[in-house]
Amino acid sequence: HLNLGIILIDLGKLKEAELSHRKAIKLKPDYCEALFYLGSLYQNTDKLNKSSKYYQKNINSNIIKKELKLFSLLYTAINNFIQYKLEETSIIHEKIDQELNTGSKASNNTNIKQHIIHAYKGFRYLENNLKKSTIDLNLKQIPHIGDSHCLTFAHQTLNISKDKRRIQPLYIVGAKAWHFANNIENKFKSYLKEKIKNNTSSNQVLISFGEIDCRESEGILKYSIKYNKNIEKVCFNTIVGYLNFMENNLSYVYKERYYFGTPAPYLIRKNITEIDIKRKKLIKIYNLILKKEVLSRGAYFIDVYGLTSNNGWNNNNYMMDEQHLDPSSLPKLIERHFYETS
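Bear in mind that the values here come from a model prediction, so they are computed numbers and not experimental data. (Residues numbered from 1 in each chain as written. Predicted model: local features only at pLDDT ≥ 70, side-chain atom pairs only at ≥ 80, totals over all residues. Heavy atoms only, no water.)

Here's the deal with the pairing of strand 3 (residues 165-171)
- In terms of burial, strand 3 is largely enclosed, as 7 of its 7 residues are buried.
- Neither face of strand 3 is open: one carries Arg 165, Ile 167, Pro 169 and Tyr 171, the other Arg 166, Gln 168 and Leu 170, and all of them are buried.
- Direction of pairing for strand 1 (residues 141-146) relative to strand 3: parallel, over a ladder of 6 bridges. Bridge pairing links Pro 143 to Gln 168 in strand 3.
- Between the antiparallel neighbours strand 2 (residues 157-158) and strand 3 lie 6 residues. (Buried < 20%, exposed > 50% of the residue type's maximum accessible area, 1.4 Å probe, protein only. Helix = DSSP H or I, 4+ residues; strand = E, 2+ residues; numbered from the N terminus. Pairing = 2+ DSSP bridges.)

Pasting the structure below:
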């Protein structure tokens, strides 16, 4: 039932997947993997309280693997953060600290451990930043649909039209532009449709996807090298497919759609490699095509690349880590790098 549920999720059949995971849990109430997958399903379909309920069962488990417990804690913290439950978020972060600093190693897989630590540091930074801000919870919301980048500006006040709005993140874990450009039905498309269905009170929406597509180890660059494809052509096909899907699903609900571009590449190595050069070229092309295609559809474009670029490399002035913008960058983006169809 667990494996069937995983397959059904990948196919975008979310209701059937939910039933399969529930059957698995009914047969084995302490089945940590099934509890985690059901929690993840609810998280990605905007049922955050239900999601945290199943993650909590894992957190309380005595038989759970260390890495799965850490992921359950991390995603519970994110659920609280999205709902502006900062005290609850802090409590979970303290538990993550304890898990990372005491007991057995988080995982034999170094990559998984580093991913958890990196994500945890990022969300801890956002939580601390939000605590310093004055948030007006009475403001009308503007949804921000995206991968982890939609969390950067969570609950900030946005002055993008006549009315002030509070940004409400709608997080879809691990989603790429490519997932929406793909002709095959999948979980990310289904997640997006569920997010839209539950957030129809605003006529505006922010959209942040594409940064994962432009990373070194996955997405467009890896695909282009592996199959000897032209980077510009792959960019164009990905962006057109992505925007076609988005506009077909968003434009009926949201009159104004605001698409964020992707930041200039952050140089990690001192010695620039061939891959670095290719990625620099990719991100420039990606943003140029995205801007043109967004504006041609009557939507708005927020030029993250223009803010963060210095001769094509990241200027390191507006980032909180190698991938994510700092929350303080939002006013500068709106003031200096906001584009609409002329």
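Quick notes on empty space enclosed by the protein
- Inspection of the entire model under this criterion finds 3 cavities of 30 Å³ or more.
- For the largest cavity, the lining is made up of 15 residues, of which His 149, Ser 208, Phe 260, Gly 261 and Leu 325 are closest to its centre.
- Taken together, the residues that form the lining of the largest cavity break down as 6 nonpolar, 7 polar and 2 charged. (1 Å grid on protein atoms, 1.4 Å probe; cavity = no way out; pocket = protein on both sides within 12 Å on 5 of 7 lines; lining within 4 Å. Points joined across faces, edges and corners; volume = space filled by probe spheres on them. Nonpolar A, V, L, I, M, F, W, Y, C, P; charged D, E, K, R; others polar.)

A closer look at the side chain of Ser 208
- Tracing the backbone through its elements, the reader meets Ser 208 in strand 4 (residues 204-208).
- Its relative accessible area of 6% is what places Ser 208 among the buried residues.
- With near-sequence residues (within four places) excluded, Ser 208 lies in contact with His 144, Ile 145, Gly 146, Asp 147, His 149 and Phe 260. (Contact = heavy atoms within 4.5 Å.)

Brief notes about the packing of helix 2 (residues 14-27) against helix 3 (residues 32-44)
- Where helix 2 meets helix 3, the axes come as close as 9 Å, and the angle between the chain directions of the two elements is 150°. Between helix 2 and helix 3, the angle is such that the two are roughly antiparallel. Every pair of crossing elements has a handedness; the one defined by helix 2 and helix 3 is left-handed. Of helix 3, the residues touching helix 2 (which contributes Leu 14, Ala 17, Glu 18, His 21, Arg 22, Ala 24 and Ile 25) are Ala 34, Leu 35, Tyr 37, Leu 38, Leu 41 and Tyr 42.
- Here the residues of the contact of helix 2 with helix 3 sort into 10 nonpolar, 1 polar and 2 charged. (Axes fitted to C-alpha atoms, helices over the stretch in contact; angles between N-to-C directions. Parallel < 35°, antiparallel > 145°, perpendicular 65-115°, else oblique. Left-handed = near helix turned anticlockwise from the far one by under 90°.)

Thoughts on the packing of aromatic side chains
- Across all of its chains, the model carries 18 aromatic pairs by this definition.
- Measuring from ring centre to ring centre gives 6.4 Å for Phe 180 and Tyr 242, while their planes differ by 40°; the resulting arrangement is tilted. In this pair, Phe 180 sits in helix 8 (residues 177-181) while Tyr 242 sits in helix 11 (residues 231-250), placing the two residues 62 residues apart along the sequence.
- Both rings, one in Tyr 258 and one in Tyr 300, keep their centres 4.6 Å apart while their planes meet at 20°; by these two values the pair is stacked. Highlighted residues: Tyr 258 in strand 5 (residues 256-260) and Tyr 300 in strand 6 (residues 300-302), separated in sequence by 42 residues. (Phe/Tyr/Trp six-rings, centres within 6.5 Å; stacked < 30°, edge-to-face > 60°.)

So, the sheet that holds strand 6
- Taken in spatial order, the 7 strands line up as 2-3-1-4-5-6-9 in an open sheet, and their pairing is mixed. At either margin of the open sheet sits one strand with a lone partner, and together these are strand 2 and strand 9 (338-339).
- Here 3 bridges tie strand 5 to strand 6, and the two strands are oriented parallel to one another. Residue pairing in the sheet places Phe 260 in a bridge with Ile 302 of strand 6.

Some remarks on a positive patch on the surface
- A grouping of Lys 15, Lys 47, Lys 50, Lys 53 and Lys 57 is seen on the molecular surface, where their side chains present a positively charged patch.
- In terms of residues, the positive patch owes the most to one element, helix 4 (residues 48-59), which gives 3 residues.
- Relative to the elements of secondary structure, Lys 57 occurs in helix 4.
- The class for Lys 57 is partly exposed, based on a relative accessible area of 39%. (Patch = residues over 30% accessible without salt bridge, like charges linked within 9 Å, V, L, I, M, F, W, Y side chains within 5 Å. Areas by Shrake-Rupley, 256 points an atom, 1.4 Å probe, with all protein chains shown as cover. Salt bridge = Lys/Arg side-chain N within 4 Å of Asp/Glu carboxyl O. Lys, Arg positive; Asp, Glu negative; His and termini not counted. Charge placed at Lys NZ, Arg CZ, Asp CG, Glu CD.)

Notes on the pairing of strand 4
- Burial within strand 4 is extensive, with 5 of its 5 residues counted as buried.
- Here strand 4 shows a buried face lined by Gln 204, Leu 206 and Ser 208 and a second buried face lined by Val 205 and Ile 207.

A look at the nonpolar core
- By size, the foremost hydrophobic cluster in this structure holds 53 residues, and its most contacted members are Ile 145, Phe 180, Phe 209, Tyr 242, Met 246, Leu 250 and Tyr 259.
- At 9 residues, helix 11 tops the list of elements feeding residues into this core.
- Residues contacting Ile 145, with those up to four places away along its chain left out, are Cys 150, Leu 170, Ile 172, Leu 192, Ile 196, Val 205, Leu 206, Ile 207, Ser 208, Phe 209 and Leu 250.
- Membership of the second largest hydrophobic core comes to 31 residues, among which are Leu 48, Ile 59, Leu 74 and Ile 82. (Core = buried A, V, L, I, M, F, W, Y, C linked by side-chain atoms within 4.5 Å.)

Some remarks on the state of the cysteines
- Counted by the stated rule, this structure contains 0 disulfides.
- Just so you know, Cys 214 is unpaired, no disulfide at all, and the nearest cysteine sulfur is the one on Cys 235, 6.2 Å from it.
- Residue classification places Cys 214 among the buried positions, given a relative accessible area of 1%. (Disulfide = S-S within 2.5 Å.)

Comments concerning helix 11
- If you check helix 11, its first and last C-alpha atoms are 28 Å apart, about what 20 residues at 1.5 Å a residue would give, namely 28 Å.
- N-cap assignment for helix 11: the residue whose side-chain oxygen lies 3.0 Å from the backbone N of Glu 232 is Asn 230. (Expected span 1.5 Å × (residues − 1). Polar contact = N/O pair within 3.5 Å; in protein donor to acceptor, adjacent residues only side chain to side chain.)

Any functional reading would require information that these geometric values do not contain.
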